[in-house]
Amino acid sequence: MRRILVVGGGYAGFYTAWRLEKKLRRGEAEVVLVDPRPYMTYQPFLPEVVAGSVEARHAAVSLRRNLKRTKIVSGMVVNIAHADRTVTIRPADGADFTMTYDVIAVTAGAVTRTFDVPGVADRAIGMKHVEEAVAIRDRMFTAFDEAAGLEPGKQRRKLLTVTFVGGGFSGVEGFAELLSLARALLKKYPELTESDLAFHLVEASGRILPEVSDKPGEWVVNMLEKRGAVVHLNTTMDSADDGHVVLSDGSEFDSELIVWTAGNAATRLLRNHTDLPHNQRGMVQVRADLRIGTDDELIEDAWAAGDDAAVPDLASSTPGAYTVPNAQNAVRQGKLLAKNLLRSLRGKAPKAYEHNSLGVIATLGLGSGIFQYKRLVIKGLLAWLMHRGYHVLAVPTWDRKVRVLAIWLVAFFYGRDIVSLASVQSPREAFESEAKARALSASRPG
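Residues numbered from 1 in each chain as written. Predicted model: local features only at pLDDT ≥ 70, side-chain atom pairs only at ≥ 80, totals over all residues. Heavy atoms only, no water.

**Q** Tell me about the packing of helix H1 (residues 11-23) against helix H10 (residues 327-345), and name the residues and values.
**A** Packing of H1 against H10 brings their axes to within 7 Å, and their N-to-C directions diverge by 35°. Between H1 and H10 lies a crossing whose hand is right-handed. For the pair H1 and H10, contact is made by Tyr11, Ala12, Tyr15, Thr16, Arg19, Leu20 and Lys23 and by Ala327, Ala330, Val331, Gly334, Lys335, Leu337, Ala338, Lys339, Leu341 and Leu342, respectively. (Axes fitted to C-alpha atoms, helices over the stretch in contact; angles between N-to-C directions. Helix = DSSP H or I, 4+ residues; strand = E, 2+ residues; numbered from the N terminus. Left-handed = near helix turned anticlockwise from the far one by under 90°. Contact = heavy atoms within 4.5 Å.)

Right, here's the structure in full:
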């Protein structure tokens, strides 16, 4: 029986394996999925996880619960030798091992693109995974608790200063949701005022939300500024040593929370540890039918989709354009990849990927959003409701849909939960502190 190896359990990988399970005939092929995390992250919900509007676990779709006929291997693929049809897998514990395959589907996704900015590696946090979104939320809650006990001054200001770097969809949505949360929290902290808050959004280009047109993008900037945010366009971060932020436009301020959302980059696996072809950005070179290779050279039994794949955009009028690395494309490419794998196994020609965008939609804080489809632009409450409606339909599995709807319903009547669980990031601290205190007490004479 042939083995189909899926590298990565994100959107494209999850949907590839999910569809293969449903369509493969008994004994036709074995599906193996390798990923270091036991779940697929539904990334459009991360801004709402940051804001406490969606529970963290509800933005994570269990691989083992939903992929019942797929063999799940917990580990990270650190090398692909397609010439030998083998991969090297690094488990969380234990030595590296190799696994053979007959067909490979590379859906490893992308990583947060970082730059050599002093202090960023020590201070900043990304927003691609559930754990990061939870940490951002808890740091905001903790900052409010600490700031409420301080007199007005430099330290209080630093605690309540938030900096987001990157004006794409994930950055703007996360920024707007956290700003909405912070303003709502002020009602619970009478010691604090709006003047204590400082929110900075830093974008290297001259506009945010590149997927929307100019005027809607300007509307979002104006809306954020009316809420008290500062949007720095055509600006980069020069340094962030010890939380002291220096920007290229001359601005300087202290910021306790720095969130880095400045785009995506190819994983180290694809840049350095595979014999599969890739482009200058490190993305796997893919044909329109999702087979790896070019029009002139095809790599047999190798496929790719999602954020790690340079898929030609047949719907674009721009020559040489690639599909945008977003959830909409990753999901649809994953579904097509499963179909094409089945067609290939059964001796049929694969179909090319061509998808016209359904539009773009973003949440901008509780009760506010923006949607654009070609020239149609919808703003405010209606766009926010459309955002919630679309994503509750799009998130896979009925149990996740019901859980998310239930949380939203409870929040409508009782508000968002504002409890910080930052201590879960160091769960042994209280236990170790008590044990050390007892040992010290026992060692004292008398």
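**Q** I'd like a description of the packing of helix H5 (residues 130-148) against helix H7 (residues 169-185), backed by residues and values.
**A** Contact geometry for H5 and H7: axes closest at 11 Å, N-to-C directions at 25°. Overall, the two elements H5 and H7 adopt an arrangement that is roughly parallel. H7 is crossed by H5, and the crossing has right-handed handedness. Two secondary-structure elements touch here, H5 through Ile136, Met140, Phe141 and Phe144 and H7 through Leu178, Leu181, Ala182 and Leu185. Across the contact of H5 with H7, the residue classes tally to eight nonpolar, no polar and no charged. (Parallel < 35°, antiparallel > 145°, perpendicular 65-115°, else oblique. Nonpolar A, V, L, I, M, F, W, Y, C, P; charged D, E, K, R; others polar.)

**Q** So, the sheet that holds strand E8 (residues 97-100): which residues are in play, and what are the values?
**A** Reading across from one edge, E6-E7-E8 is the order of the three strands in this open sheet, with antiparallel pairing throughout. At either end of the open sheet lies a strand with only one pairing partner, and these are strand E6 (76-81) and E8. With strand direction ignored, the average angle separating the axes of adjacent strands in the sheet is 30°. The pairing of E6 with strand E7 (residues 86-90) spans five bridges and is antiparallel. Bridged to Met76 within E7 is Arg90. (Pairing = 2+ DSSP bridges.)

**Q** Describe the sheet that holds strand E14 (residues 237-239), listing the residues and the values that go with them.
**A** Strand order in the open sheet made by the three strands is E14-E15-E16, with antiparallel pairing throughout. Edge positions in the open sheet fall to E14 and strand E16 (252-254), since each of these has one partner strand only. Sheet twist, expressed as the mean angle between neighbouring strand axes with direction ignored, is 35°. In terms of strand pairing, strand E15 (residues 244-247) meets E16 through three bridges, oriented antiparallel.

**Q** Describe in detail the packing of aromatic side chains, supporting the description with residues and values.
**A** Applying the stated rule across the entire model yields 10 aromatic pairs. Considering the side-chain rings of Phe164 and Phe175, the 5.6 Å spacing of their centres and the 75° angle between planes classify their relative orientation as edge-to-face. Linking Phe164 in strand E11 (residues 161-165) with Phe175 in helix H7, this pair joins segments that are 11 residues apart in sequence. Overall, the relative accessible area of 0% leaves Phe175 in the buried class. With centroids separated by 5.7 Å and ring planes inclined at 70°, the aromatic side chains of Phe175 and Phe199 adopt a geometry described as edge-to-face. Taken together, the residues span a long stretch of sequence, with Phe175 in helix H7 and Phe199 in strand E12 (residues 198-202) at a distance of 24 residues. Classification of Phe199 as buried rests on a relative accessible area of 1%. One residue, Lys22, lies across the ring of Trp18, its end atom 4.2 Å from the ring centre. Looking at Lys401, its charged tip hangs above the ring of Trp398, at a distance of 5.8 Å from the centre. (Phe/Tyr/Trp six-rings, centres within 6.5 Å; stacked < 30°, edge-to-face > 60°. Buried < 20%, exposed > 50% of the residue type's maximum accessible area, 1.4 Å probe, protein only. Lys NZ or Arg CZ within 6 Å of the ring centre and 35° of its normal.)

**Q** Outline unusual backbone geometry, listing residues and values.
**A** Most of the time, phi is negative for any residue but glycine, and the peptide bond is trans. Even without glycine at this site, Arg85 takes up a positive phi of about 55°. Along the polypeptide, Arg85 turns up in the loop between E6 and E7. On the accessibility criterion, Arg85 (24% relative accessible area) is partly exposed.

**Q** An account of the domain arrangement of the protein chain is requested, with residue identities and associated values reported.
**A** When cut into domains, the protein chain gives domain 1 (2-112 + 264-345) and domain 2 (114-262). A C-alpha centroid distance of 32 Å is found between domain 1 and domain 2. Tallying the contact residues gives 19 residues for domain 1 and 18 residues for domain 2. Carbon and sulfur atoms make up 60% of the surface buried where domain 1 meets domain 2, a total of about 1700 Å² over both sides. Seen at the junction of domain 1 and domain 2, the total is one salt bridge. Between Arg37 and Glu131 there is a salt bridge, with the nearest N and O atoms lying 3.5 Å from each other. (Domains from an automatic or database assignment. Buried area = accessible area lost by both parts, 1.4 Å probe. Salt bridge = Lys/Arg side-chain N within 4 Å of Asp/Glu carboxyl O.)

**Q** Which residues make up the nonpolar core, and what are the values?
**A** Note that soluble globular proteins tend to have their nonpolar side chains buried in a common cluster. Residues Met140, Phe144, Leu178, Phe199 and Leu224 are the most contacted members of the largest nonpolar core, which totals 116 residues. Element by element, the count of residues in this core is highest for H5, at 11 residues. Not counting chain neighbours up to four residues away, the residues in contact with Phe199 comprise Met140, Val162, Phe175, Leu178, Leu179, Ala182, Ala229 and Val230. Membership of the second largest hydrophobic core comes to 12 residues, among which are Val120, Ala240, Leu247 and Ile258. (Core = buried A, V, L, I, M, F, W, Y, C linked by side-chain atoms within 4.5 Å.)

**Q** Please provide a residue-by-residue account of a nonpolar patch on the surface, values included.
**A** The grouping of Leu409, Val410, Phe412, Phe413 and Tyr414 at the surface amounts to a nonpolar patch, some 670 Å² of accessible area in total. Along the chain, Tyr414 turns up in helix H12 (residues 398-414). Looking at Tyr414, the relative accessible area reads 71%, which means it is exposed. (Patch = residues over 30% accessible without salt bridge, like charges linked within 9 Å, V, L, I, M, F, W, Y side chains within 5 Å. Areas by Shrake-Rupley, 256 points an atom, 1.4 Å probe, with all protein chains shown as cover.)

**Q** If you had to explain the pairing of E7 to someone new, which residues and values would you point to?
**A** Counted residue by residue, E7 has four buried out of five residues, so it is predominantly covered. Two strands pair when backbone bridges link them, and E7 and E8 are joined in this way by four bridges, in the antiparallel orientation. Considered in E8, the bridge of Val87 is made with Met99.

**Q** Please give an account of the environment of Val111 that cites residues and values.
**A** If you trace the backbone, Val111 turns up in strand E10 (residues 110-112). According to the relative accessible area criterion, Val111 is partly exposed, its value standing at 35%. Sequence-wise, Val111 and Leu185 are 74 residues apart; in three dimensions their C-alpha atoms are separated by 32 Å. Beyond its immediate stretch of four places on either side in the chain, Val111 contacts Lys128, Gly263, Asn264, Ala265, Ala266 and Thr267.

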